[in-house]
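Each chain is listed here by its residues.
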Amino acid sequence: MDLSLIPNIKHLNSNNFFLLAGPCAIESEDMAMRIAEKVITITDKLEIPYIFKGSFKKANRSRIDSFTGIGDEKALKILRKVSETFNVPTVTDIHEVSDAIKAAEYVDVLQIPAFLVRQTDLVVAAAQTGKVVNLKKGQFMSPGAMKHAVQKVKDAGSEKAWITDRGTMFGYQDMIVDFRGIPEMRKFAPTILDVTHSLQQPNQEAGVTGGRPDMIETIARAGIVNNVDGLFIETHFDPANAKSDGANMLHLDNLEGLLTNLVAIRKTINSL
């Protein structure tokens, strides 16, 4: 899929990977704007095509008292404000068929969560909006099986599908990335590596997901070396107090150093 079909995306001639990055969930307008401004400054400097990410609500939570959002319309309006203020495209995840049309009014890319990627009605509803559909690979699915999710998008009349790998379940409460899957999935659609969710340690006994943020650069480097088209990274200026997924998010202060290294690696890979 041609990235130029996404409104307001920049640096398409840089020969870089593209980036989906932002907080796990929209917690407030101030936090969203603060994170977006910082990431845009970095990606403009490094000439990385960038899409701001933020969930307008969180449906898949360990406990009923976990944070789910600040209100659907309020969060979606914040995503629109980020887009209009910084002239940047946005992505958010949807969980129900009714979310597709609602969210499509505010964002440029609709994301299907990994646990829901086999839900035909949801995938079709997203495709029928005409937006790009980012299909998270189910933790329970092989890379080859994702061709069927991509085909659902095509059968719904759209060619605008991406695949995002976010790891595969590895025993209890751990994930692993099988890098053999990247070239396989790239046969079906542009493929993104979700670095931070691949480092989750889900279903902890305390009911709060754990993670290994110390391994972010290791996983990201491996993705770039293996020619992934894009990276997905959740980042926050205060991960310890983030409302969702703080245990595996990248501290915003560490983003520029990471991306600088990754751009250098991609330049080397492009020269081979």
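Residues numbered from 1 in each chain as written. Predicted model: local features only at pLDDT ≥ 70, side-chain atom pairs only at ≥ 80, totals over all residues. Heavy atoms only, no water.

### What to know about the packing of helix α4 (residues 120–128) against helix α5 (residues 146–155)
- Two numbers describe how α4 lies on α5: the axes approach to 8 Å, and their chain directions differ by 50°. One finds that α4 runs oblique with respect to α5. Handedness of the crossing formed by α4 with α5: right-handed. Mapping the contact onto sequence places Thr 120, Val 123, Val 124 and Ala 127 in α4 and Ala 149, Lys 152 and Val 153 in α5.
- In terms of residue class, the contact of α4 with α5 is made up of 5 nonpolar, 1 polar and 1 charged. (Axes fitted to C-alpha atoms, helices over the stretch in contact; angles between N-to-C directions. Helix = DSSP H or I, 4+ residues; strand = E, 2+ residues; numbered from the N terminus. Parallel < 35°, antiparallel > 145°, perpendicular 65-115°, else oblique. Left-handed = near helix turned anticlockwise from the far one by under 90°. Contact = heavy atoms within 4.5 Å. Nonpolar A, V, L, I, M, F, W, Y, C, P; charged D, E, K, R; others polar.)

### Some points on the environment of Leu 259
- Note that Leu 259 resides in helix α8 (residues 255–271).
- Remark: the alpha-carbon pair of Leu 259 and Leu 19, spanning 240 residues in sequence, is separated by 9.6 Å.

### Comments concerning the packing of aromatic side chains
- Following the criterion strictly, the structure yields 1 aromatic pair and no others.
- The ring centre of Phe 237 lies 3.7 Å from the NZ or CZ of Arg 34, which sits over that ring.
- Between the NZ or CZ atom of Lys 136 and the centre of the ring of Phe 232, over which it lies, the distance is 4.5 Å. (Phe/Tyr/Trp six-rings, centres within 6.5 Å; stacked < 30°, edge-to-face > 60°. Lys NZ or Arg CZ within 6 Å of the ring centre and 35° of its normal.)

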